[in-house]
Amino acid sequence: MLLVPSISVIEGRTIRLTQGDYSKEKVYDDTPIDVAKQFEDHGISRIHLIDLDGARKGTSVNYDILHMISAYTDLKINFTGGLHTDGDVLKAFEYGAESITAASVAVAQKEQFANWLMSYGREKIALAADSLDRKIRVRGWQKGTSKDLFEHIAYFYDRGLKYLKTTDISKDGALEGPSFELYEELLREFPNLSIFASGGVRGIDDIKKLRDIGLYGVIFGKAFYEGRISLKDIDDFQSVKA
């Protein structure tokens, strides 16, 4: 299973939110590039880089951070936040993204997202389907919709989607444990999807349980920044995996 740390950025700073609430912003001392280098030094091969400014504004902002991490590390970067047009996606790739994850555009312009799967390839385009009470939320989780989580995923699953990142927003940043039952249900419903769990991870034991139920990867953030997952934990997990 892939261990994928997330680095969330607002105005160039490393940030964590709780349940997507921008009023519950916590700033960390280490810069995004410093954090990325720490992960790389401990065997991590890819990161999930979240442009929170872009997610809120509806257009990506922190391309400079993407470029710096790409230039100063060998990490594979999955970039997300405010990607709505072909120009946005092309710019993300130009600035060093290995792949991108999109959420809002898949709701507002679902045919465009489906076309991205075809034109850029399913290895390059992932869907973020993040929900509260199984209803999709977009724009950095600030905007609710009436779209059912499973129906939303099914539409793109039928059109070749390979990678899904999904968060139960009620769990995000709360350090109360992931939605294990939701992920088990998703695996049964969409057996050919490579699913990344995100939200609620308390420590390495949660990651091991997510691995054991068959998830492709786990994206984690706050547990690391709050000291519940250490760099040694990452080393140990990577060595067992190897």
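Above this note sits the structure.
Presented here is an overview of the structure given in this document.

About the criteria used
- Residues numbered from 1 in each chain as written.
- Predicted model: local features only at pLDDT ≥ 70, side-chain atom pairs only at ≥ 80, totals over all residues.
- Heavy atoms only, no water.
- Helix = DSSP H or I, 4+ residues; strand = E, 2+ residues; numbered from the N terminus.
- Rg over C-alpha atoms; globule rule 2.2 N^0.38 Å.
- Buried < 20%, exposed > 50% of the residue type's maximum accessible area, 1.4 Å probe, protein only.
- Contact = heavy atoms within 4.5 Å.
- Lys, Arg positive; Asp, Glu negative; His and termini not counted.
- Charge placed at Lys NZ, Arg CZ, Asp CG, Glu CD.
- Pairing = 2+ DSSP bridges.
- Right-handed = clockwise from strand over helix to strand, strands pointing away.
- Arc of directions from axis to C-beta.
- Salt bridge = Lys/Arg side-chain N within 4 Å of Asp/Glu carboxyl O.

### Notes on the overall build of the protein
Part 1 of the argument: Assigned secondary structure in the protein consists of 11 helices and 13 strands.
Part 2 of the argument: The C-alpha radius of gyration computed for the protein amounts to 16 Å, which stays within 12% of the reference 18 Å derived for 242 residues, consistent with globular compactness.
Part 3 of the argument: Once the C-alpha set of the protein is aligned to its principal axes, its extents read approximately 40 × 35 × 35 Å.
Part 4 of the argument: Looking at the 242 residues of the protein, the share that counts as buried comes to 54%.
Part 5 of the argument: Of all intrachain contacts in the protein linking residues separated by at least 6 positions in sequence, the fraction that spans at least 24 positions is 65%.
Part 6 of the argument: Charge separation in the protein, taken as the distance between the mean sites of 32 positive and 37 negative side-chain charges, equals 3 Å.

### Some words on the pairing of strand β6 (residues 99-102)
Looking along a regular strand, one sees the side chains alternate between the two faces of the sheet.
Part 1 of the argument: Residues of β6 alternate between two faces, with S99 and T101 on one and I100 and A102 on the opposite face, all of them buried.
Part 2 of the argument: Pairing between strand β5 (residues 76-80) and β6: three bridges, direction parallel. Each residue of the ladder has a partner; that of F79, found in β6, is I100.
Part 3 of the argument: Tracing the backbone out of β5, into helix α4 (residues 86-94) and back to the parallel element β6 gives a crossover that is right-handed.
Part 4 of the argument: Where β6 meets strand β7 (residues 125-128), three bridges bridge the pair, whose relative direction is parallel. In the strand pairing of β7, A102 is matched with L127.

### Quick look at unusual backbone geometry
Part 1 of the argument: Phi at E11 takes a positive value of approximately 50 degrees, unusual for a residue other than glycine.
Part 2 of the argument: On the secondary structure map, E11 appears in the loop between β1 (2-10) and β2 (13-18).
Part 3 of the argument: Owing to a relative accessible area of 63%, E11 belongs among the exposed residues under this scheme.
Part 4 of the argument: If you check the backbone angles, D133 has positive phi at about 55 degrees while not being a glycine.

### Brief notes about the sheet that holds strand β8 (residues 131-132)
Part 1 of the argument: Here we have three strands laid out as an open sheet, ordered β8-β9-β10, and antiparallel in their pairing. Two strands close off the open sheet at either side, each with one partner strand: β8 and β10 (143-148).
Part 2 of the argument: Sheet topology note: the β8/strand β9 (residues 135-138) ladder contains two bridges and is antiparallel. Across the sheet, the residue bridging to L132 is K135, located in β9.

### A word on helix α3 (residues 63-72)
Part 1 of the argument: Turning to α3, its buried residues number three or more, namely Y63, I65, L66 and I69. Projected down its long axis, α3 shows its buried positions confined to an angular sector of 160 degrees, all on one face. Every exposed residue of α3 that faces more than 90 degrees away from the buried side is listed here: A71 and Y72.
Part 2 of the argument: Buried-residue contacts for α3 involve β1, α1 (32-41), β4 (46-51), β5 and α4.

### Notes on the pattern of salt bridges
Part 1 of the argument: For the structure on display, the rule yields eight salt bridges.
Part 2 of the argument: Between R211 and D212 there is a salt bridge; the shortest N-O distance is 3.2 Å.
Part 3 of the argument: According to the relative accessible area criterion, R211 is partly exposed, its value standing at 33%.
Part 4 of the argument: By relative accessible area, which is 58% here, D212 ends up exposed.
Part 5 of the argument: A salt bridge links K232 to D236; its shortest N-O distance comes to 2.8 Å. Residue K232 and its partner D236 are both found in helix α11 (residues 231-241); the two are separated by four residues, about one turn of the helix.

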